[in-house]
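Structural overview for review
Chain residues, written in single-letter form:
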Amino acid sequence: MGWTYEQQNRLQREVDILNQYFPSFAFVYIGSQLCMEGWLITNSKNNYKIRLYVPKDLPYSVPDVIITYPTQLKDYYGRLLVNLGASANMHLLSPIDNSPKICTYRSTNWNANITFYKVLMKVRIWLEAFDGHLKTSNDLDYYLKHQ
Amino acid sequence: MIDKSVFLQEEQIKSLFIDLSKNRHQGLVISMDNDSVFHAFTEVPVVIPSGKEYPALFIVHETIEDFIKEKKKDASLIEGIIIHLFIVDNVLKTQAFFYKKDQKKINCIVKFIPEKSELYSRSKGLLEISVLENKTVGIVGLGSGGSPIAVELAKAGIGKFVLIDFDRIELSNVARHVCGISDLGRLKTLAVKDLILNKNPYAIVNTFEIDVNEYSQVCTNALSNVDVIICASDNDKSRFLLNDISLKFNIPAIFGRAITRAIGGDVLRVRPHKGPCYNCLYSQDIRNTEEEISQKERQAKKFLPEYTSEEDLNSIVQVGLSSDIAPITNFMVKLTLVELSRGINSGISSLEEDLIADYYIWANRRENVYDSWSKLEYNFNKPSILRWYGAKIEKDANCMICGI
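For clarity, every value in this text was computed on a predicted model and none was experimentally measured. (Residues numbered from 1 in each chain as written. Chains lettered and ligands numbered in written order. Predicted model: local features only at pLDDT ≥ 70, side-chain atom pairs only at ≥ 80, totals over all residues. Heavy atoms only, no water.)

Another aspect to go through is helix α12 (residues 322–341) of chain B. All names here are of chain B. For α12, built from 20 residues, the straight-helix expectation of 28 Å at 1.5 Å per residue is met to within 8% by its first-to-last C-alpha distance of 28 Å. Burial of α12 is extensive: 15 of the 20 residues sit out of reach of the surface. Of the residues flanking the end of α12, it is Gly 343, one or two places downstream, whose phi is positive at about 80 degrees. (Helix = DSSP H or I, 4+ residues; strand = E, 2+ residues; numbered from the N terminus. Expected span 1.5 Å × (residues − 1). Buried < 20%, exposed > 50% of the residue type's maximum accessible area, 1.4 Å probe, protein only.)

Written as structure tokens, this is what we have:
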């Protein structure tokens, strides 16, 4: 299935915004799945590679977002994040492609005005909270509200 | 003794007089209420009434003498009904007898179910029936919201429907759904279609047994030519799609939902490019962010994070009372009729002036988000339960869907 005219326009807008605020993000195909990949650097100077899967029904679904680097990402206790599965405390959903999937928005709170930029902003905040967790052992719930 | 009645479809009977070379026609009759009410058909009807089926024989006589002669021989039918039809002085005369094994034949009073043009004659003046019968309404979601809307619109005289739902009637639906126990296991589309045809046998009903989120293109094609879209699904994803279709094809859409345990709900009318779209609503603070009700756990699970607690999940699948959903569906019906009758001089024209808001809020109980509302009591000038409130929602100039 190709992208509709409206979706193509939307993708262009998404790219225009990301070029301004998250310029490292670019389109990649993972198999037949269109994704956006790029790097985010936290205040603690940790580097994380993020992959955002462009939903086929763009802009009507929450895009899945995973952390592809560091691979084998571990929590404060040394547990692999992928082994935590869906975790409310850590704001994680079931892993995709063997990488931890970040919970950004509940689908019931999603709307078409939410851009990839906003999603990546939430990912950026999740990463700051995760860095906080690595230092303090506090769950991400300590830092983040569920939305 | 109570009179026995046999109901005949006027149009079917008329057709028997078109070709008089054949004077006997086999049909069927459904007996109800202990053989006291019969519905006879020359051919299998689109919706078969519940009851016991017997054969029916329709005999068309050229003269009254033929009828008298024939009447003496008609006992050849062991069980069933014989309906004699003949014309005297240009007036159709009828006589019907019901035969049951080992019983005397029973004389039945013949009554006619009128033709299409007469069916909704009592709504004339109030609704412009000749206009409505040519209108098509697309309904997505035939649960406790969409199904009563479909039936009400059929009662109002809407002539064409597009029904979309992938689901089947389950026991948990029955308490709120217009379909009943005898429909268990059936596709909601086909069960509701039968209800529509039972109200208006001349309605044209096209059904699509699809999940609109998976088959968006099929849904788009199915709805591209309707006059109004009713969005009675239970998730935003499908509503965004329907909003898209509404805007793309310039079709008014009515969105309605009930929130947790049906403590209340809201209705949005989208008049494409003339007011806010469904997505515009999200940029306003007014929309209640309470979880909306879902018929089933598995459906609710699709739209909630995997780690949602059982308690939260249960509150969403606790769907509330049918009587709490009814005000919302009833309001959606009214908005639909206003949209379909817009600009036409009818008995409901004045509603166009009343229903100028695009967004409406309803509360059933002072609970949760409505907790602070004043008690109904004698307060007619304060927000309280069981009243509709129209809210002025502006089109969002920055809406990512209709603002570009």
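Pairs can form between side chains of opposite charge once their charged atoms are near each other. All names here are of chain B. In the structure shown here, the tally under the stated rule is 22 salt bridges over all chains. Note that Asp 266 and Arg 257 form a salt bridge whose closest N and O atoms lie 2.9 Å from each other. Pair check on accessibility: Asp 266 and Arg 257 agree, each one buried. Across the salt bridge formed by Arg 269 and Glu 339, the nearest N and O atoms sit 3.1 Å from each other. In this pair, Arg 269 is assigned in strand β13 (residues 264–270) and Glu 339 in helix α12, connecting sequence segments 70 residues apart. Here Arg 269 and Glu 339 have matching classes, each one buried. Bridged by salt links that share partners, the residues Arg 269, Arg 271, Glu 339, Arg 342, Glu 352 and Asp 358 form one connected network. (Salt bridge = Lys/Arg side-chain N within 4 Å of Asp/Glu carboxyl O.)

For the rest of this paragraph, the subject is the sheet that holds strand β11 (residues 228–231) of chain B. Residues and elements named next belong to chain B. As summarised here, the arrangement of the eight strands in space is β10-β9-β8-β11-β12-β13-β14-β15, forming an open sheet in which the pairing is mixed. The open sheet has two edge strands, β10 (204–208) and β15 (389–391), and neither has a second partner. On average, each strand axis in the sheet is tilted by 15 degrees relative to the strand beside it, whichever way the strands run. Taken strand by strand, helix α7 (residues 188–199) contacts β9 (160–164) and β10, and its axis lies near 170 degrees from that of β10. Sheet strands touched by α12: β8 (136–140), β11, β12 (253–258), β13 and β14 (359–363). Its angle to β13, the strand with the most contacts, is close to 15 degrees. (Pairing = 2+ DSSP bridges. Axes fitted to C-alpha atoms, helices over the stretch in contact; angles between N-to-C directions. Contact = heavy atoms within 4.5 Å.)

The next subject is the sheet that holds strand β3 (residues 37–41) of chain B. All names here are of chain B. The sheet built from seven strands closes into a barrel, its strands ordered β1-β3-β2-β4-β5-β6-β7 with mixed pairing. Going across the sheet, the axis of each strand differs from the next one's by a mean of 30 degrees, ignoring polarity. Each of β2 (24–32), β4 (52–61), β5 (80–88) and β6 (91–99) touches helix α2 (residues 64–71); the most contacted strand, β5, lies at about 160 degrees to it.

Looking now at the interface of chain B and chain A. Counting residues at the interface gives 22 residues for chain B and 24 residues for chain A. Around 2000 Å² of area is buried between chain B and chain A when both sides are counted, 54% of it from carbon and sulfur atoms. One can count one salt bridge joining chain B with chain A. Counting across the interface, chain B meets chain A through six residue pairs in polar contact (both at pLDDT 80 or more). For the side of chain B that touches chain A, the element with the highest residue contribution is helix α9 (residues 236–248) of chain B, accounting for six residues. Its residues placed into classes, the side of chain B that touches chain A shows 11 nonpolar, three polar and eight charged. (Buried area = accessible area lost by both parts, 1.4 Å probe. Polar contact = N/O pair within 3.5 Å; in protein donor to acceptor, adjacent residues only side chain to side chain. Nonpolar A, V, L, I, M, F, W, Y, C, P; charged D, E, K, R; others polar.)

Any functional reading would require information that these geometric values do not contain.
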